Structure formats: C-alpha cells, structure tokens
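Analysis of the macromolecular model
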Amino acid sequence: KAGVTQTPRYLIKTRGQQVTLSCSPISGHRSVSWYQQTPGQGLQFLFEYFSETQRNKGNFPGRFSGRQFSNSRSEMNVSTLELGDSALYLCASSPDRGWNGYTFGSGTRLTVV
Amino acid sequence: DAKTTQPPSMDCAEGRAANLPCNHSTISGNEYVYWYRQIHSQGPQYIIHGLKNNETNEMASLIITEDRKSSTLILPHATLRDTAVYYCIVRVSHAGNMLTFGGGTRLMVKP
C-alpha cells in the first residue's frame, strides 16, 4: 500500500512569505503528526491531529499552524517565514493515537532565503 | 518521558552484528523502549519496541536489561544499507502521536 506522501518535496521561499505543506497519510490512518528537523535542534514535535482535531502541540510559535481534513489529509502552514524556519518538515501517520509504529513520509525540505 | 543516552557514533563491519546501546535509567514502569532509524534525507523508520521482554522482528532484536535501565538494539548482520542514525526513545504507549527524539547514534557500516 502507498506510504505517507508529502508534497512538495522541496520548496524555496522568501523571508516574510507564508507556506503550506501537505501530508497524505496511509489509507485508513487517522492520526497525523508533524515534526521539524534542523541540524541544530534535531527532530522536534510540532503538532498532532486526530479526527480533524489538534490533540497535541509542541513548543513552537503561533506562526506554525495546521489542520486535518475529513479524509485525514493534513496541511501545515507557516506564516511570516524566518530564516530559522529552514528545515526538513516530516509528517507521520498511524492508525490511531495508541498505535506504536508510526510511519513517516520523506519530508518537505523548506529553504527560506 | 524518560531521558535516554546514546553514544553519538559507532562503526560496524559489514556482515557483523551491530549492537547499539541505550541508557534510560529514569524509565518508569509503564514506559516502553522504542527504536527508530533515519537514513540520510529520509523520514525516520520504526524498527522495534518493547516493555520488558526481549523482542525480535525481521529487522532487529531488542534486549532490555532486567532492571530496564538500559537496552541494546541488535542488527544481526549489518549491511551498508543499515548506515543511519538510530534513535532510542522511551515513552508511554498511549501518549499520543508524539515522539521525543534525542541525538541518536550515527552508525556507520563499513565494507
């Protein structure tokens, strides 16, 4: 079956712009979470959505937001981009919130210039 | 979630067993040990998890000490494709879809 699909794969944006990243989970998976990976901070949890509701949120400013649609697809948005937002953004899905094996996508590499 | 300590890097010869240690001395009774790995430029991949018994699957074996304060991930016959960063994570299983990643161990498998 298809894995977790993230689009686009690469993105270059200018400081001050906003960006929307997309994640399509594995069919049947209802939980989607997002992570940011940078060389300095490593992998950090952004937020989790389950059945269209945000369940958990990491320690990120309000410029980072997300949503989940009824088909479980999720988007995350970053407004007023800063140079420090350059990172690999990863999405992970699981069948439900208690599932132990999460499947990650290949990520979207965002570069802010 | 309990904190974990892993060596920053390790080398292993191709075909040999790779033994990756993880210390989690503050682990609680209801916390599981999870292992993920991340191959360069890809998303992390789930490997295995366990509570207190040793576990084995097609990818690896997980050995947890009796006091649960440390564990070892074993890749029985390492290949070049096993070169990756390996993360040991300790968490409660029903804590939602949130994983706290540390620095991990960068395993280099050499021919």
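The structure this text deals with has already been given above.
Heads up: these notes are all about the structure in this document. (Residues numbered from 1 in each chain as written. Chains lettered and ligands numbered in written order. Predicted model: local features only at pLDDT ≥ 70, side-chain atom pairs only at ≥ 80, totals over all residues. Heavy atoms only, no water.)

The general pattern is negative phi for most residues beyond glycine and trans for most peptide bonds. Cis geometry marks the peptide bond from Thr7 of chain A to Pro8 of chain A, where omega comes out at -10 degrees. Looking at the element boundaries, Pro8 of chain A is found in the loop between β1 (5–7) and β2 (10–13). If you check the backbone angles, Thr80 of chain A has positive phi at about 45 degrees while not being a glycine. For Thr80 of chain A, the location among the structural elements is in the loop between β8 (74–78) and β9 (87–94). Residue class for Thr80 of chain A comes out partly exposed when judged on its relative accessible area of 47%. Look at Arg68 of chain B: it is not a glycine, yet its phi comes out positive at around 65 degrees. (Helix = DSSP H or I, 4+ residues; strand = E, 2+ residues; numbered from the N terminus. Buried < 20%, exposed > 50% of the residue type's maximum accessible area, 1.4 Å probe, protein only.)

What follows covers the environment of Phe60 of chain A. Residue and element names in this part refer to chain A. With respect to the secondary-structure elements, Phe60 resides in the loop between β6 (53–57) and β7 (64–68). A residue is classified by how much of its surface remains accessible, and Phe60, at 13% relative accessible area, is buried. For the pair Phe60 and Phe45, spaced 15 residues apart in sequence, the C-alpha to C-alpha distance is 8.8 Å. With residues near it in sequence (within four places) discarded, Phe60 still touches Gln36, Gln44, Phe45 and Leu46. (Contact = heavy atoms within 4.5 Å.)

Residues and elements named next belong to chain B. Spatial ordering of the open sheet is given by β1-β9-β8-β3-β4, a layout of five strands whose pairing is mixed. Looking at strand neighbours, the two that pair on one side only are β1 (9–13) and β4 (45–50), the edges of this open sheet. Strand after strand, the sheet turns through a mean of 25 degrees between neighbouring axes, direction not considered. In the sheet, strand β3 (residues 31–38) pairs with β4 via five bridges, with the strands oriented antiparallel. Within β4, the position partnered with Arg37 by the bridge is Gln45. (Pairing = 2+ DSSP bridges. Axes fitted to C-alpha atoms, helices over the stretch in contact; angles between N-to-C directions.)

The next subject is the side chain of Thr38 of chain A. All names here are of chain A. For Thr38, the position within the fold is in strand β4 (residues 31–38). Owing to a relative accessible area of 12%, Thr38 belongs among the buried residues under this scheme. Side-chain polar atoms of Thr38 contact the backbone nitrogen of Gln41, separated by 3.1 Å. (Polar contact = N/O pair within 3.5 Å; in protein donor to acceptor, adjacent residues only side chain to side chain.)

Note on pairing: side chains with opposite charge can pair once their charged atoms come close. Residue and element names in this part refer to chain A. Under the criterion given, the structure shown has six salt bridges over all chains. A salt bridge links Glu82 to Arg63, with the shortest nitrogen-to-oxygen separation between them at 3.6 Å. Pair noted here: Glu82 is in the loop between β8 and β9 and Arg63 is in the loop between β6 and β7, with a separation of 19 residues, a long-range link. Glu82 gets classed as partly exposed once you look at its relative accessible area, which sits at 41%. Residue Arg63 is classed as buried on the basis of its relative accessible area of 17%. The partner of Arg73 in a salt bridge is Glu75, and the shortest N-O contact between them spans 3.3 Å. According to the relative accessible area criterion, Glu75 is buried, its value standing at 15%. The structure contains a network of salt bridges with shared partners spanning Arg63, Glu82 and Asp85. (Salt bridge = Lys/Arg side-chain N within 4 Å of Asp/Glu carboxyl O.)

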